[in-house]
Structures are given as C-alpha cells and as structure tokens.
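The primary structure of each chain is shown beneath.
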Amino acid sequence: MANTKEITVKELNTQKFIEEKAREISALVGSGAAINALSGGVDSSAVTMLGHKALGDRLKTYFIDNGIMREGEPERIVSIFKKLGVRVEIVNAQDKFLSALKGVTDPEEKREAITQTFYKDVFAKLVKESDAKYLLQGTILTDIDETVAGIKRQHNVFEQLGIDPEEAFGYKIIEPLVRLRKDGVRKIAEATGLPESIYNRIPFPGPALAARVVGEVTREKIAVVRKATIIVEDILSSTRAFQYMAILHEDRVTGMRDGKRDFGLQIEVRSWDSIDARKATPTRLSYDILFKLSERITKEVPGVVSVTYNIATKPPSTIEVI
Ligand code: XMP
C-alpha cells in the first residue's frame, strides 16, 4: 500500500516536494508514456504540472468533457494550460456519461456510473490507443479518509476499495498528492507556475454537477444547475468562503409566474467555511447577498420558483448534496 502519512502544510517544502515527485514519476514511468485526465480542479491541475515536469510530451493529458461540467469549462482550462506550454486534448464523451446516468437515482450508484464510464469506457480506450501503462491521478488524503470511513466513495480511490486498477482497467495508478490535503495541494499548484484562478479555485467534485442534482441526472437538469452555478459563483466569488454551490432538488414546489400557478423547481444554495473540508460551517452571508442570489436565480434560471440557503453544519451534513 502506498505511503499515505500526512505531510502538513507546515512541513511542506514545495520545491523539494516538486523535485521529489518529478523524480519518482520519471523513475516509475521510465522511457514509457503516462496519461492523465485534467478536470481543471486544483488537484488534477497540480498533477498535470508535476507529470509534465517529469515527462514533458510523454505525458498525454486529456480533458474528458463528460457533459456535467460547469459552463465553458473545457475551453477555459485548455487555454490556461496552453499558455503554460502543456498540450491538453478535449475528448467529447457527453453522451456516454449521460446515458450511463440515465435512470440512476441513488447517490452511490451515480458515483459508480461515473467511475465506470470514466475508467472503464472512456479512459481505458484512451490508454489502449496510447502506449501508456501509467495513469497519473490527483487523489488527496481527504479522499482516502472519507472513503475509508465509508462517508462517501470518492470516485478516484481504488486501493482502499480493494480494486486493482491494473486488473480491472489495465493500467497502474500514480498518485503524487496522496499525502497532502487541499491547502498543501494549493501551495504545490502555485509553486508549479499555475495561475491563481487555478490554485485558489474552490473545490469541485469529480462527479461534477451530477453531485448537485438530487435524483436522476438528465441533460435538462444539468442545464438548470449549470445556470444557477454561474450565478452562485459570480455572487459569492468575492466572499472568502471555502466552497459554494447550487443544488437542484427533485421535489417541485408551487410558485407563481406571470400571475399563474407554476409548479416549479427549487435550488438550494450552499456556502461553506472550512479549512480542509473535513468539517464545515455555513458562511454567514448577509441578507443582501442572500436576496441577490434569490432574485437572480429565480429571474435568470427558467422554471425555478424557490431558492433556499443551507444552514446545517458538516457533520452531520456533507459539503455536497449526494
Ligand atoms: P463532502 O460532500 O464529502 O465533500 O463533504 C468533501 C469535499 O470533497 C469534494 N467531493 C468530491 N471530490 N469526488 C471528488 O473528487 C467526489 O466524489 C467528491 N465528493 C465530494 C467536495 O466538493 C468537498 O470539497
């Protein structure tokens, strides 16, 4: 089992860590090639930079467009990395993910559907087509803790689940960030030359907007939560909150639109203060901000008649809704 002893942010020497990890990756991959998927989050971005430092063009980086990303994400991320000299290829796999999610309502089954589609279908094909035997992945210590504790199965943790990726999917996994928590990863990301829009980016889950739709995930529901997400991120980006999000609920509620009854959609806004996502408390947003959120979401997102703000702490809540 890999060494998962925590390196705290206090202990972390960024340059030394980067050099060490680049050396480790080079030694493991040898003269071969590796492949990784970049989502644009701080973890996969840091791993892309470490892998690129170690392997240069022998690291093939793909951005898997799974259809459940935030607005404009693939193009934005590819252009940021292009400026850093890292070539990223976009793979359109929207239909595959959305059809795997069809009819699935249970949270863990959704994660499973995304995991299977990602690793077995889309990624395994890319690996087979390339000559890569290694996959670089941005698993961090919190992902492992929560999976081991049985709180949530993070979609990128295999070893702890007793799954052998080589047997199951045909490749070995390298996880350079596995001894760090989010604050440490941000330091590493900054030290590799990534811009602040990446290293200070709020966390975003692997299952993407599918983690923010209660019940079945459809293209239409993703479009709703995507629009609400733009507004929430726009209004709350100036707060110092750890993470904020829009969630689309399954239940419909009665509302009024243009003087008529409208059995409409409800969006829940969550904004969290936290250090490392293990515990979190709702941000004390001003009533003005809450009002702005509700006004813009009901005006700009078709079909939404109700906006709520979550006031429960983690635990017993979790940060995401599924
Ligand atoms: P929870 O919801 O477990 O989230 O309190 C803790 C932190 O992890 C993120 N998160 C995920 N990240 N795959 C990921 O890569 C997942 O399945 C996943 N679920 C939650 C969440 O956004 C928060 O920052």
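The rules behind each value
Residues numbered from 1 in each chain as written. Predicted model: local features only at pLDDT ≥ 70, side-chain atom pairs only at ≥ 80, totals over all residues. Heavy atoms only, no water. Pairing = 2+ DSSP bridges. Helix = DSSP H or I, 4+ residues; strand = E, 2+ residues; numbered from the N terminus. Axes fitted to C-alpha atoms, helices over the stretch in contact; angles between N-to-C directions. Contact = heavy atoms within 4.5 Å. Salt bridge = Lys/Arg side-chain N within 4 Å of Asp/Glu carboxyl O. Buried < 20%, exposed > 50% of the residue type's maximum accessible area, 1.4 Å probe, protein only. Parallel < 35°, antiparallel > 145°, perpendicular 65-115°, else oblique. Left-handed = near helix turned anticlockwise from the far one by under 90°. Nonpolar A, V, L, I, M, F, W, Y, C, P; charged D, E, K, R; others polar. Expected span 1.5 Å × (residues − 1). Phe/Tyr/Trp six-rings, centres within 6.5 Å; stacked < 30°, edge-to-face > 60°. Lys NZ or Arg CZ within 6 Å of the ring centre and 35° of its normal.

Examining the sheet that holds strand S1 (residues 34-37)
Strands sit in the order S3-S2-S1-S4-S5 across an open sheet of 5 strands; the sheet is parallel. The two strands at the open ends of the sheet, each matched to only one other strand, are strand S3 (88-92) and strand S5 (172-174). Adjacent strand axes in the sheet meet at a mean angle of 30 degrees, parallel and antiparallel pairs treated alike. Two elements, S1 and strand S2 (residues 59-65), share 4 bridges in a ladder whose sense is parallel. Bridged to Ala34 within S2 is Leu59. Each of S1, S2, S3 and strand S4 (134-136) touches helix H5 (residues 107-129); the most contacted strand, S1, lies at about 140 degrees to it.

Regarding the pattern of salt bridges
Within the structure shown, the criterion is met by 17 salt bridges. A salt bridge links Arg201 to Glu73, with the shortest nitrogen-to-oxygen separation between them at 2.8 Å. One end of the pair, Arg201, is in the loop between helix H9 (196-199) and helix H10 (219-236); the other, Glu73, is in helix H3 (residues 73-83), with 128 residues separating them in the sequence. Overall, the relative accessible area of 10% leaves Arg201 in the buried class. Take Glu73: its relative accessible area is 2%, and that puts it in the buried class.

A short note on the packing of helix H2 (residues 42-55) against helix H8 (residues 182-191)
Interaxial distance between H2 and H8 falls to 9 Å at its minimum, and their mutual angle equals 40 degrees. Between H2 and H8, the angle falls in the class oblique. The way H2 lies across H8 gives a crossing that is left-handed. Between H2 and H8, the residues in contact are Val42, Asp43 and Ala46 and Lys182, Val185, Arg186 and Ala189, respectively. Taken together, the residues that form the contact of H2 with H8 break down as 4 nonpolar, no polar and 3 charged.

Here we look at H10
The end-to-end C-alpha separation of H10 is 25 Å, in line with the 26 Å expected for 18 residues at 1.5 Å each. Taken as a whole, H10 has its buried residues at Ile222, Val224, Val225, Arg226, Ala228, Thr229, Ile231, Val232, Ile235 and Leu236. Looking at the packing, one finds that the buried side of H10 touches strand S6 (243-248), strand S8 (260-273), helix H11 (287-300) and strand S10 (304-309).

A word on the packing of aromatic side chains
Counted by the stated rule, this structure contains 2 aromatic pairs. A ring pair is formed by Phe118 and Tyr119, whose centres lie 4.8 Å apart and whose planes are at 70 degrees; its orientation type is edge-to-face. For the pair shown, Phe118 and Tyr119 are each scored as buried. Here the aromatic rings of Phe118 and Phe123 are separated by 5.2 Å at their centres, their planes lie at 10 degrees, and the arrangement is stacked. By relative accessible area, Phe123 is classed as buried at 0%. Linked through ring pairs, Phe118, Tyr119 and Phe123 together constitute an aromatic cluster. For the cation-ring pair, Arg70 lies above Phe204, with the distance from its terminal atom to the ring centre recorded as 3.7 Å.

Describing the packing of H10 against H11
H11 packs onto H10 with a crossing angle of 155 degrees between their chain directions and a minimal axis gap of 10 Å. Judged by the angle between their axes, H10 and H11 are roughly antiparallel. For the element pair H10 and H11, the recorded crossing hand is right-handed. In contact with Lys227, Ile231, Val232, Asp234, Ile235 and Leu236 of H10, H11 contributes Ile289, Lys292, Leu293, Arg296, Ile297 and Glu300.

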